[in-house]
Amino acid sequence: METLIIKVDNLLDNEKSYQQAVDILNEGGVVAFPTETVYGLGALATDEQAVRKIFEAKGRPSDNPLIVHIGNREAVEQYAIQIPDDAYKLMEKFWPGPLTLVFHKRPGVIAQSVTPGFETVGLRMPDHPVALELLQTLDGPLAAPSANRSGKPSPTEAGHVLKDLHGRIPLILDGGETGVGVESTVLDMTVSPPAILRPGGVTKEMIESVIGPIHTESGVADDQAPRAPGMKYMHYAPESPLFVIAPDEAKIAEAVRLLHAEGKKVAVIGPDEFTIPEADWYFAVGPLHKPEAMASTLYRAIRQCDVTEADIILAAETEMSGVGAAVMNRLTKAADGKRFPL
Ligand code: TXA
Ligand code: MG
């Protein structure tokens, strides 16, 4: 299969591109498209066969449920039941945006393979002009995980999707780089108080400012938090082992010297301000104390490390405030919990 990439930066001229994407989707195919978080790989959420193609293209375990994307708030009631008042407040405030809400599923609407074995469904309205235009032209729900091969970092530009899924999908809508850079927050609205199953672009603080105290499971070890099944798989794994390290220029330089003494080549992911001439490769991920900048560039940096000959990757941590919690959640996964020094 040839994978076609269509640029859709000028919305006015793109009717034909959207129609082409919608035709593929209506015929049961899959299409990659940008959202404000990461690129998604979409299929019509009501079409069982089409949804299976997502799992095939990604090599994704079939017991990991997909998020359903919708183009307007009103559509929530078509796919979910027992929607609590707090959910309406959150949708009002954060949709469109990087917040996935998990509800009890309305029976018989969404294809079984979207939420295998689950009585719930995760819904989100993405805040990206291309995603919204696609959803509105399609006039239906799009089941869409991140458009990477399973186990790779989520794609934040069309080239990442092509690298992972070339020849496996027919079309990528290229809307340039995504903004937030880490995936949406997943919030379980079927429990009281609601619980964060995956931290993301909408922070705990932002949610609590609207509905009061909530739970967070993000600090819990993966296998103890089985309710967001995706969290139990090894995610975002770079090709070489990655270690989290304190954001201290001198300490990182020292670590690189130690590793060099062992004959290892080292790639470093760190803030713009650091100069570490010892490092064999240095990938800057924005200013210190700016977790938002690190969120939007982390996955690209990890992919850049993958095309080096580094034996080891050292990644400077960021603070836990705001979107930093999501960044550290992803970084800890990429490191499989490892820190330097051992
Ligand atoms: O920002 C995002 O959320 C991106 C863009 C494309 O929208 N999508 C994304 O999808 O990250 P995916 O499939 O890579 O991650 C979805 C996460 C998984 O951890 C999955 O287990 C969880 O959400 N999830 C989905 N539906 C769920 C449900 N009904 N109950 C619990 N967890 C659910
Ligand atoms: Mg993913």
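Please read all numbers here as calculations on a predicted model, not as lab measurements. Note that residues are indexed from 1 along each chain, following the sequence as it is written. Labels follow written order: the first chain is A, the first ligand is 1, and so on. Local features are withheld for residues below a pLDDT of 70 in this predicted model, meaning they are given only at 70 or higher, and side-chain atom pairs are given and counted only at 80 or more; totals for whole chains, interfaces and linings count all residues. Each side-chain value is worked out from all heavy atoms of the structure, with water and hydrogens disregarded.

Colleague: Would you take a moment to explain the overall build of the chain for this structure?
Modeller: When you go through the chain residue by residue, the secondary structure sums to 10 helices and 16 strands. In summary, the chain has a C-alpha radius of gyration of 20 Å against a globular reference of 20 Å for 342 residues, a match within 12%. Along the three orthogonal principal directions, the C-alpha set of the chain runs to about 60 × 50 × 35 Å. Split by element, the accessible area of the chain, about 14300 Å² in all, is 51% carbon and sulfur. Taken together, the 31 basic and 47 acidic charged side chains of the chain have centroids lying 4 Å from each other. A helix here means a DSSP run of H or I that spans at least four residues, while a strand means a run of E at least two residues long, and both kinds are numbered starting from the N terminus. A radius of gyration in this sense is built from C-alpha atoms; the matching globule rule multiplies 2.2 Å by the number of residues raised to 0.38. The Shrake-Rupley method, run with a 1.4 Å probe, gives the accessible areas here. Residue values count only the displayed protein chains as cover. Residues counted as positive are Lys and Arg, residues counted as negative are Asp and Glu, and His and the chain ends are not counted. A single reference atom marks each charge: NZ on Lys, CZ on Arg, CG on Asp, CD on Glu.

Colleague: Would you mind showing me how to read the packing of aromatic side chains here?
Modeller: Ring pairs (aromatic) are described by centroid distance and by the angle formed between their planes. Here a Phe, Tyr or Trp ring, Trp counted by its six-membered ring, pairs with any other such ring whose centre lies within 6.5 Å, and the pair is stacked when the planes are under 30 degrees apart, edge-to-face when over 60, and tilted otherwise. Using the criterion set out here, one finds 1 aromatic pair in the structure. Relative to Phe-340, the ring of Phe-243 has its centre 6.1 Å away and its plane inclined at 90°; by these criteria the two rings are edge-to-face. With Phe-243 in strand β13 (residues 242–245) and Phe-340 in the segment after α10 (324–334), this residue pair connects regions lying 97 residues apart in the sequence. Classification of Phe-340 by relative accessible area gives buried; the value is 14%. Any Lys NZ or Arg CZ that is within 6 Å of a ring centre and within 35 degrees of that ring's normal is treated as a charge sitting over the ring. In this arrangement the basic side chain of Lys-338 is found over the ring face of Phe-243, its NZ or CZ atom lying 5.3 Å from the centre. Relative accessibility thresholds used throughout: buried, under 20% of the residue-type maximum; exposed, over 50%; partly exposed, between the two (1.4 Å probe, protein chains only).

Colleague: Would you take a moment to explain the packing of helix α1 (residues 15–26) against helix α5 (residues 129–138) for this structure?
Modeller: Each pair of packed helices can be summarised by the angle the axes make with each other and by the distance between the axes. One can describe the packing of α1 onto α5 by two numbers: an axis separation of 9 Å at closest approach and a directional angle of 55°. As the angle between them shows, α1 and α5 are arranged oblique. For α1 against α5, the interelement crossing comes out right-handed. Contacts between α1 and α5 pair Tyr-18, Gln-19, Ala-21, Val-22, Leu-25 and Asn-26 from the former with Pro-129, Val-130, Glu-133, Leu-134, Thr-137 and Leu-138 from the latter. Throughout, the ten residues Ala, Val, Leu, Ile, Met, Phe, Trp, Tyr, Cys and Pro are labelled nonpolar, Asp, Glu, Lys and Arg are labelled charged, and all others, Gly among them, are labelled polar. Split by residue class, the contact of α1 with α5 holds 8 nonpolar, 3 polar and 1 charged. To get an axis, a line is fitted to the C-alpha atoms, and for a helix only the part in contact is used. The angle between two axes follows their N-to-C directions and goes from 0 to 180 degrees. Under this scheme an angle from 65 to 115 degrees is roughly perpendicular, one under 35 degrees roughly parallel, and one over 145 degrees roughly antiparallel; angles in between are oblique. For any helix crossing, the convention is left-handed if the near helix is rotated counterclockwise from the far helix by under a right angle, and right-handed if that rotation is clockwise. Contacts are assigned to residue pairs with any non-hydrogen atoms lying within 4.5 Å of each other.

Colleague: In this structure, what is going on with the pairing of strand β9 (residues 171–174)? I would like to understand it.
Modeller: Here is the key point about a regular strand: its side chains alternate between the two faces of the sheet. Here β9 shows two buried faces, one formed by Leu-171 and Leu-173 and the other by Ile-172 and Asp-174. Strand pairing is assigned whenever DSSP identifies at least 2 bridges connecting the two strands. Pairing of strand β1 (residues 4–7) with β9 involves 4 bridges; the strand directions are parallel. Paired with Lys-7 across the two strands is Asp-174, which belongs to β9. Relative to β9, strand β2 (residues 31–33) runs parallel, the two being bridged by 2 bridges. Its bridge partner lying in β9, Val-31 is registered against Leu-171.

Colleague: Quick question: what am I supposed to make of the pattern of salt bridges here?
Modeller: Oppositely charged side chains can form a pair if their charged atoms are brought close together. Any carboxyl oxygen of Asp or Glu that lies within 4 Å of a side-chain nitrogen of Lys or Arg is treated as forming a salt bridge with it. Under the definition given, this model contains 12 salt bridges. Note that Lys-89 is salt-bridged to Asp-86, the shortest N-O span being 3.5 Å. Here Lys-89 pairs with Asp-86, and both are found in helix α4 (residues 85–94), just 3 residues apart, close to one helical turn. Given the relative accessible area of 44%, Lys-89 is considered partly exposed. Owing to a relative accessible area of 25%, Asp-86 belongs among the partly exposed residues under this scheme. One salt bridge in this structure joins Glu-254 and Arg-257, with 3.1 Å as the shortest N-O distance.

Colleague: Honestly, the sheet that holds strand β15 (residues 281–284) in this entry has me stumped. Any pointers?
Modeller: Remark on secondary structure: sheet strands pair via backbone hydrogen bonds, oriented parallel or antiparallel. Within the open sheet, the 4 strands sit side by side as β13-β16-β14-β15. Their pairing is parallel. Looking at the sheet topology across the chains shown, the edges are occupied by β13 and β15. Across the sheet, the axes of successive neighbouring strands diverge by a mean angle of 20°, strand direction being ignored. With 4 bridges joining them, strand β14 (residues 266–270) and β15 adopt parallel strand pairing. The partner of Gly-270 across the bridge, within β15, is Ala-284. Against the sheet, α10 contacts β13 and β16 (312–316), and its axis sits at roughly 135° relative to β13.

Colleague: Explanation requested: the side chain of Arg-198 in the structure shown.
Modeller: Residue position: Arg-198 is located in strand β11 (residues 195–198). Despite its burial, Arg-198 pairs with no opposite charge; the closest candidate is Glu-183, at 4.9 Å N-O. A distance of 3.0 Å separates a polar atom in the side chain of Arg-198 from the backbone oxygen of Ser-184. Throughout this description, a polar contact denotes any pair of N or O atoms lying within 3.5 Å of each other; where both atoms belong to protein, one of them has to be capable of donating a hydrogen while the other can accept it, and for residues adjacent in sequence the pair is counted only when both atoms sit in side chains.

Colleague: I keep staring at the environment of Ala-284 and nothing clicks. Help me out?
Modeller: As for its placement among the helices and strands, Ala-284 is situated in strand β15. We classify Ala-284 as partly exposed; its relative accessible area is 41%. When near neighbours in sequence (up to four residues on either side) are disregarded, Ala-284 contacts Gly-270 and Asp-272.

Colleague: I tried to follow unusual backbone geometry on my own but got confused; where do I start?
Modeller: Across residues other than glycine, the phi torsion is negative in most instances, and most of the peptide bonds are trans. Of note, the amide linkage connecting Trp-95 to Pro-96 takes the cis form, showing an omega dihedral of -5°. Looking at the secondary structure, you find Pro-96 in the loop between α4 and β6 (99–105). The peptide bond linking Ser-192 to Pro-193 adopts the cis configuration, its omega dihedral lying at -5°. Tracing the chain through its elements places Pro-193 in the loop between β10 (185–188) and β11. We note that Gln-82 has phi near 55°; this positive angle belongs to a residue other than glycine.

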